[in-house]
Amino acid sequence: MKIKLAFREIAQNRKFSVAYILNLSLGLFGFLLLNSLNESVQKNFQTHSRSILTADLAIACRRPLDLQEEEKIAPILKKAIASTQTIELYSMVVTPRGSRLAELIAIEDQYPLYGEIQLKKGGTLHLNQQPLVWISTELAAQMNLRIGDTLQLGALPLRVEDQIGQDSRASWNGFSLAPKLYLGVSQLHQTGLLRPGSTVWYRKFFKFSSEEDVEKATKFLKQKLTDPGIQIISHRTAGEQMGRIFAYLSDYLGLVALVGLFLASLGSSYLFQSFLSHRLKEIATLISLGLPPLKAAQIYLAQVTILGLASVLVAFFATAIALPIIGKILSFQLELPLLSLLSTFLVGVGASLLISLPFLFRIRSLSPTILFQDTETQIMGERLESILSCFPALFCFYLLAVWQAHSWKIGSLFFFGLCFSSLFLAALVPVGLRILRRLPLSKTLSLKLASRYLVQNPRSTLALFLSVGIGAVLTILIPQMHQNIKSEILAPSGAQTPSLFLFDIQEDQVNPLSEFLKSEGASLLQISPLVRARLEAMNGNPFQKKSKEDALSTREDEQENRMRNRGFNLSSRDPLSESEVITSGKPFSGKYLKSTSKIPEISVERTYAKTLGMHLGDVLQFDVQGTPILGKIVNFRKVRWTSFQPNFFIQFQSGVLDDAPKTYLATIGKLNIPDRARIQNKMIQQFSNISVVDVSSLIQRMLELFEQLSGALQLMALLSVITGNMVLFSISRHQAQTRQREVQLLKVLGAKIRLIEQTHWIEFGGIGLLASLFGAAVSIAFSWLISAFLFDSSWSFSWLLPVKIIFGMTLITSITTSWAMRKTLNEKPLSLLNQGE
Amino acid sequence: MKNTLIAEVKNLSKTYSQAGTSIEVLKGLEFKINAGETIAILGQSGSGKSTFLSLLAGLDRPTQGTVLLKGQNIFDLNEKELAQFRAQNLGIIFQQFHLISYLTALENVSLPLEIAGISNAEKKATQALQDVGLDHRLYHLPQQLSGGEKQRVAIARAFVVQPKLLLADEPSGSLDPKTGREVLETLFQQVQLSQMALILVTHNAGLAQKCHRQLRLKDGRLT
């Protein structure tokens, strides 16, 4: 009977039902679309994981494995049916027209073990003994290289054999410093680029028969090779890592989609509350006839469950239509995964039930005495009871935010940020209405009517104000953050961006290089030694390499895992560079004197220290090519990484690393474009092993990537704003229905349509303007907080963007609400008299 | 009673189409009303009383015929002119009071004055509320008033613009007999004082007897 009555309620209140479903389904659409997108991408990466790694298992290290290590891994590797290796490094490619940094991948015959490297001319890459290279189309375009041209790598001239058409490995890779170039391992050795301390990756790739357990082999190798600098990676992990790049973006997109869901829930909640307020007397009648209140509440519980289900279904269909279109745009096969469908089902029905809970509680205590009252009874109960009954919904939303962000920190920040924004905006409404009540607005009739309506209907004013305000927070926050990060990359505070960044400078090259640059009118800056080491112990306890990757649950765990499982680059510097500042502890005491028995001082980057649980006074023990070196943490530093200066997580006081084998990093300050090209080309001719990064083109590439990420976020924000507008439309449409009598009355009293329209424009335009204005203020405050505390970056503000958005949102609010009201305005006021008939 | 003609209805007809069938609700109605005159329109439910009122108020258009108010055929006016004409010359009292819920009693009464652009609206509205005995309820919202008080506010709102013609649709229909009597007393008192014409729609024969003339609406015709 309950279900039957629930269906009857839905059928008889079609307008409410449709508005409710549209509202909630729009919020669920963004949620489902994003989760489907994410899962499809992850699944795709998993399917192609062997091609991504080009093997079943790979070992990567900044040095060749030593004999002992080779012996340790031999039992497993004997089981491999095929193996190969690569040596990878960044180096300068020189042609008569200029020089450029490229990612050199020196391969052996069988590479790749999975996937393939297709060539432009057709066929796949096959090595022979001749000095040949295969270059990416990007490098060919940048250096105007054609097939048959000759280029120089170190001491060796090589001929361009072909361009790479499709590279199964490259196409899965994310951001790379430079375009790729393939050559044979034996040719690389002839270039003379491999020098001690050079930034090189030695990778070994293995293929196993299908019966072999790759994950078991990976686990075995991880136990045997304990150096954090050695990476052992299975194809499954490689797929996950590639997926993670998208997953990080997806985390934030998910949170933006949650704002849409929040607004949709707000709208649906308002609609349900208004609907139930109109049904209260009927419910009271049923109760007076003997129906227990709980059973009465169950009818409406069934109704919202059905409406929630219908919203999920609408979202399913909308996503099923949108996914192939998006897939076509992204050239990616997208599907509706079962898990996404299931989670959306739970979220949709759950949201529907939770938002109705506060009102259904009220039915439980509804007394039929309201039937004797003349006025309409509101569904909202006592203030405390209302607030308490919202908690289950809020708690579930919090869990959803953490789940979506894969981070307690980001999820909590988002949830409390949204709660704070909502509470702040909600608190403004009664204050604003109190002021409005006192304002002498009686001189202009439209102004008076608009203000009176707002004051006397605080709930609808609140719902409208929140939906516009939250929309404004989001709409301004994303471009504001975009601008902050962009300006941080383009013009970081505290340091001047260099033109060229140099690495792999040999110790004996530092002085000749300085002299050379001096003769060219430039100077070598920020010369920093780089010593490869491994962290062996912290306060005497062996440093644990984390290997439980399967147990990782949050992004914070992943970050700690990455930081822990890496080789260490040590440096020494005194004083600090302009891109870093001590945040706690004391500066170095000066140059280290070997004659003293004191432990050398070290400085650690503060986020790194926090992640690994380091404290001031901790003693770290490093192994530098077999020699143990101790260091005591005397300070933590804040580093501005976007300065493009040589910076390090761990720095010793000067004098400690003097005898260690090392290379140098350095920068060259601001140069104009012709000077930059000229100096770079001449420098590479003399110092062919030094790699040079053109910082401005790197910034450009980073900005392009960032623009794409930011664009995706803004697109999702647009969906949330559309949801916000749908909420606006639903609320104002509902208001139009409830105010039909008043509008007609005004017309009967002789009011012209223009006056009524004017009243609505003032009312909704006013709400739109004030809500977006305060939303903008909240958004700007948030962007400052995020920049200062989360990203640790500088904050820049441009008033033009918020002004544009404030006016845009005011206009959209006015248009949306006017559109919702138009039907009521055009109706003839006959119904006022029909009641007497 | 003055013999100044206020309104004249000539050959007024209204036909509705419903499910492909034409229903002739009003058939060539004719009558006149002078200043200070009160006419009761009697009829059963569904006889077309409300349709007749809505035509008189210019809220709907007839199929045929004219309503001359102060010599002006109201159906010759466009919507904008009609709204203005209504604001200055017509007062309407509804069975369900129809006060604006978010305006106080005083604001509800001053509303038609403000719409018509008449100065000293608040002062005049206060006076009108005093005239109906509600000077102690000026700043109360409709929900804070009793049914009788709401209808008094509605009467004050109808009178405050000093219209030439007052249309009342079952003004005591939603009130208990005692309150209804009190409200009607106020209404007739005000009509007498202001010398305006009143057309009162009712199916209460007793109430109709209080009017100068009684017309019965039956089968679309006035008898």
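Residues numbered from 1 in each chain as written. Chains lettered and ligands numbered in written order. Predicted model: local features only at pLDDT ≥ 70, side-chain atom pairs only at ≥ 80, totals over all residues. Heavy atoms only, no water.

Peer 1: Mind showing me how you'd approach the overall build of chain A here?
Peer 2: Scanning chain A from N- to C-terminus turns up 24 helices and 21 strands. Out of the 837 residues in chain A, the part that is buried amounts to 54%. The long-range share in chain A, meaning contacts at least 24 apart out of those at least 6 apart in sequence, stands at 83%. Summing over all exposed atoms, chain A offers an accessible surface of approximately 37,300 Å²; the carbon and sulfur share of this is 61%. (Helix = DSSP H or I, 4+ residues; strand = E, 2+ residues; numbered from the N terminus. Buried < 20%, exposed > 50% of the residue type's maximum accessible area, 1.4 Å probe, protein only. Contact = heavy atoms within 4.5 Å. Areas by Shrake-Rupley, 256 points an atom, 1.4 Å probe, with all protein chains shown as cover.)

Peer 1: How should I be thinking about the overall build of chain B in this particular structure?
Peer 2: The helix and strand inventory of chain B stands at 7 helices and 10 strands. Restricting to contacts in chain B with at least 6 residues of sequence separation, those with at least 24 account for 69%. Working note: accessible area of chain B is about 9,500 Å², and carbon and sulfur atoms make up 44% of it.

Peer 1: Quick question: what am I supposed to make of the confidence of the model for chain B here?
Peer 2: In low-pLDDT regions, the fine details of the predicted coordinates are not to be read closely. Residue and element names in this part refer to chain B. Confidence along chain B averages 86 in pLDDT terms, with 99% of residues attaining 70 or more. Of all the helices and strands in chain B, helix H2 (residues 79-89) carries the lowest mean pLDDT, 82, while strand E4 (residues 64-69) carries the highest, 92. With pTM at 0.69, the complex prediction returns an ipTM value of 0.77. (pLDDT = per-residue confidence, 0-100.)

Peer 1: I tried to follow the interface of chain A and chain B on my own but got confused; where do I start?
Peer 2: Where interface size is given, it is often the accessible area lost as the parts come together that is meant. Contact residues are listed per partner, giving 30 residues for chain A and 38 residues for chain B. Summing the contributions of chain A and of chain B, the shared interface buries around 3,100 Å²; its carbon and sulfur component is 61%. On the surface where chain A and chain B come into contact, there are 2 salt bridges. Linking lysine 448 of chain A and glutamate 114 of chain B is a salt bridge whose minimum nitrogen-to-oxygen distance equals 2.6 Å. Viewed at the interface, chain B and chain A are joined by 7 residue pairs in polar contact (both at pLDDT 80 or more). For the side of chain A that touches chain B, the elements supplying multiple residues, two or more each, are helix H14 (445-456), helix H21 (740-748) and helix H24 (831-834) of chain A. (Buried area = accessible area lost by both parts, 1.4 Å probe. Salt bridge = Lys/Arg side-chain N within 4 Å of Asp/Glu carboxyl O. Polar contact = N/O pair within 3.5 Å; in protein donor to acceptor, adjacent residues only side chain to side chain.)

Peer 1: Got a minute to help me understand the packing of aromatic side chains in this structure?
Peer 2: Describing an aromatic ring pair means giving the distance of the ring centres and the angle of the ring planes. All names here are of chain A. For the structure on display, the rule yields 22 aromatic pairs over all chains. Counting every residue linked through ring pairs, the aromatic cluster contains Phe262, Phe397, Tyr398, Trp408, Phe414, Phe415 and Phe416. Above the ring of tyrosine 114, the side-chain terminus of arginine 50 is found at 5.8 Å from the ring centroid. The ring of tryptophan 819 carries arginine 822 above its face, with NZ or CZ at 4.0 Å from the centroid. (Phe/Tyr/Trp six-rings, centres within 6.5 Å; stacked < 30°, edge-to-face > 60°. Lys NZ or Arg CZ within 6 Å of the ring centre and 35° of its normal.)

Peer 1: Can you help me understand the pairing of strand E3 (residues 38-42) of chain B in this one?
Peer 2: For a regular strand, the rule is simple: side chains alternate between the two faces of the sheet. Residue and element names in this part refer to chain B. Counting buried positions along E3 yields 5 of 5 residues, so the element is predominantly enclosed. Of the two faces of E3, both are covered, the one formed by Thr38, Ala40 and Leu42 as well as the one formed by Ile39 and Ile41. Two strands pair when backbone bridges link them, and E3 and strand E8 (residues 197-202) are joined in this way by 5 bridges, in the parallel orientation. Its bridge partner lying in E8, isoleucine 41 is registered against valine 201. (Pairing = 2+ DSSP bridges.)

Peer 1: Whenever I open this one, the sheet that holds E4 of chain B confuses me. Can you help?
Peer 2: The pairing of strands in a sheet happens through backbone hydrogen bonds and is either parallel or antiparallel. Residues and elements named next belong to chain B. The 4 strands lie next to each other as E2-E1-E4-E5, forming an open sheet whose pairing is antiparallel. Each edge of the open sheet is held by one strand with a lone partner, namely strand E2 (21-34) and strand E5 (72-73). Sheet topology note: the strand E1 (residues 5-18)/E2 ladder contains 10 bridges and is antiparallel. In the sheet register, alanine 7 faces E2, and the bridge partner there is isoleucine 33.

Peer 1: I would appreciate a short explanation of the packing of helix H2 (residues 14-47) of chain A against helix H12 (residues 391-405) of chain A in the present structure.
Peer 2: Axes are the key here: two packed helices are described by the angle between their axes and the distance separating the axes. Residues and elements named next belong to chain A. Running from N to C, H2 and H12 cross one another at 30 degrees; their axes reach a closest spacing of 13 Å. In this view, H2 runs roughly parallel relative to H12, as classed from their interaxial angle. Crossing geometry of H2 relative to H12 is assigned as left-handed. The residues of H12 that touch H2, namely those facing Phe31, Leu34 and Asn35, are Leu400, Trp403 and Gln404. Of the residues in the contact of H2 with H12, the class split is 4 nonpolar, 2 polar and no charged. (Axes fitted to C-alpha atoms, helices over the stretch in contact; angles between N-to-C directions. Parallel < 35°, antiparallel > 145°, perpendicular 65-115°, else oblique. Left-handed = near helix turned anticlockwise from the far one by under 90°. Nonpolar A, V, L, I, M, F, W, Y, C, P; charged D, E, K, R; others polar.)

Peer 1: Looking at this structure, I do not really get the packing of H2 of chain A against helix H9 (residues 293-330) of chain A. What am I missing?
Peer 2: Residues and elements named next belong to chain A. Two elements in contact, H2 and H9, have axes separated by 6 Å at closest approach and are oriented at 45 degrees. In this view, H2 runs oblique relative to H9, as classed from their interaxial angle. Classified by chirality, the crossing of H9 by H2 is right-handed. Residue composition of the contact of H2 with H9, grouped by class: 21 nonpolar, 7 polar and no charged.

Peer 1: So what exactly am I meant to see when it comes to the pattern of salt bridges here?
Peer 2: Any two side chains of opposite charge can pair, given that their charged atoms come close. Per the counting criterion, the structure on display carries 24 salt bridges over all chains. Here lysine 14 of chain B and aspartate 60 of chain B are joined by a salt bridge, their closest N and O atoms 3.5 Å apart. One end of the pair, lysine 14 of chain B, is in strand E1; the other, aspartate 60 of chain B, is in the loop between helix H1 (49-56) and E4, and 46 residues separate them in sequence. On the accessibility criterion, lysine 14 of chain B (9% relative accessible area) is buried. Beyond isolated ion pairs, a larger network of salt bridges with shared partners links Glu520, Asp675, Arg678 and Lys682 of chain A.

Peer 1: Can you help me understand a nonpolar patch on the surface in this one?
Peer 2: All names here are of chain A. A contiguous nonpolar patch, built from Leu769, Trp784, Leu785, Phe789, Trp795, Phe797, Trp799, Leu800, Val803 and Phe807 and spanning about 1,000 Å² of accessible area, is present on the exposed surface. Elements with a contribution of two residues or more to the nonpolar patch: helix H22 (753-790) and helix H23 (800-826). Residue contributions to the nonpolar patch peak at 4 residues, all from H22. Along the chain, the position of tryptophan 799 falls in the loop between H22 and H23. (Patch = residues over 30% accessible without salt bridge, like charges linked within 9 Å, V, L, I, M, F, W, Y side chains within 5 Å.)

Peer 1: How do you make sense of the confidence of the model for chain A when you look at a structure like this?
Peer 2: When pLDDT is averaged along chain A, the result is 82; 92% of the residues meet or exceed 70. For chain A, the element scoring lowest by mean pLDDT is H24 of chain A, at 64; strand E16 (residues 601-605) of chain A scores highest, at 92.

Peer 1: Can you help me understand the side chain of glutamine 303 of chain A in this one?
Peer 2: Its location among the elements puts glutamine 303 of chain A in helix H9. In this view, glutamine 303 of chain A contacts Ala6, Glu9, Ile10, Phe16 and Phe275 of chain A; residues no more than four positions away in its chain are not counted.

Peer 1: Help me understand the sheet that holds strand E9 (residues 213-218) of chain B in this model?
Peer 2: Residues and elements named next belong to chain B. An order of E6-E7-E8-E3-E9-E10 is seen for the 6 strands of this open sheet, with the pairing classed as mixed. Sheet topology places strand E6 (90-93) and strand E10 (221-222) at the edges, where each strand pairs with a single neighbour. Helix H5 (residues 147-159) contacts E6 and strand E7 (165-169) of the sheet and is inclined by roughly 170 degrees relative to E6. Lying over the sheet, helix H6 (residues 177-194) contacts E3, E6, E7 and E8, oriented at roughly 155 degrees with respect to E8.

Peer 1: So what exactly am I meant to see when it comes to the nonpolar core here?
Peer 2: It is characteristic of soluble globular proteins that their nonpolar side chains tend to be buried jointly. In terms of nonpolar packing, the biggest core is built from 119 residues, with Tyr182, Leu258, Phe272, Leu276, Ile283 and Tyr300 of chain A touching the most fellow members. With 22 residues, helix H8 (residues 235-288) of chain A is the largest single contributor of residues to this core. Of all hydrophobic cores here, the second largest spans 55 residues; its members include Val748 and Ala751 of chain A together with Val67 and Tyr102 of chain B. (Core = buried A, V, L, I, M, F, W, Y, C linked by side-chain atoms within 4.5 Å.)

Peer 1: How should I be thinking about the side chain of lysine 180 of chain A in this particular structure?
Peer 2: Residue and element names in this part refer to chain A. The topology assignment puts lysine 180 in strand E8 (residues 180-184). Among the residues examined, lysine 180 registers a relative accessible area of 9% and is labelled buried. Within the structure, the side chain of lysine 180 is placed 3.2 Å from the side chain of glutamate 103, a separation counted as a polar contact.

Peer 1: Teacher, can you tell me more about unusual backbone geometry here?
Peer 2: Glycine aside, residues mostly have negative phi angles, and peptide bonds mostly take the trans form. Look at the link from tyrosine 111 of chain A to proline 112 of chain A: it is a cis peptide, with omega at -5 degrees. Locating proline 112 of chain A in the fold gives a position in the loop between strand E3 (98-107) and strand E4 (117-119). Despite not being glycine, asparagine 539 of chain A shows a phi value in the positive range, around 50 degrees. Along the chain, the position of asparagine 539 of chain A falls in the loop between strand E12 (524-538) and strand E13 (541-542). In this model, asparagine 120 of chain B sits at a positive phi of 55 degrees, which is unusual for a non-glycine residue.

Peer 1: Explanation requested: the pairing of strand E20 (residues 663-668) of chain A in the structure shown.
Peer 2: Residues and elements named next belong to chain A. Burial within E20 is extensive, with 6 of its 6 residues counted as buried. Residues Thr663, Leu665 and Thr667 of E20 are buried on one face, and the alternating residues Tyr664, Ala666 and Ile668, pointing to the opposite face, are buried as well. Relative to E20, strand E11 (residues 500-506) is paired through 5 bridges, and the arrangement is antiparallel. Within E20, the residue paired with isoleucine 505 across the bridge is tyrosine 664.

Peer 1: Before we go on, may I ask you to explain the environment of aspartate 176 of chain B in this structure?
Peer 2: Residues and elements named next belong to chain B. Within the element layout of this structure, aspartate 176 appears in the loop between E7 and H6. Sequence-wise, aspartate 176 and glycine 148 are 28 residues apart; in three dimensions their C-alpha atoms are separated by 8.5 Å. Polar contacts involving the side chain of aspartate 176 include one to the side chain of threonine 179, which spans 2.6 Å.

Peer 1: I keep staring at helix H4 (residues 121-131) of chain B and nothing clicks. Help me out?
Peer 2: At 3.6 residues per turn, the α-helix brings residues three or four places apart onto the same side. Residue and element names in this part refer to chain B. When we look at burial in H4, the residues that qualify are Ala121, Ala125, Thr126, Ala128 and Leu129. Viewed end-on, H4 has its buried residues packed into an arc of 160 degrees, placing them on one side of the element. Structurally, H4 contributes buried residues whose contacts are with helix H3 (105-116) and H5. Following H4 by one or two positions, glycine 133 has its phi on the positive side, about 80 degrees. (Arc of directions from axis to C-beta.)

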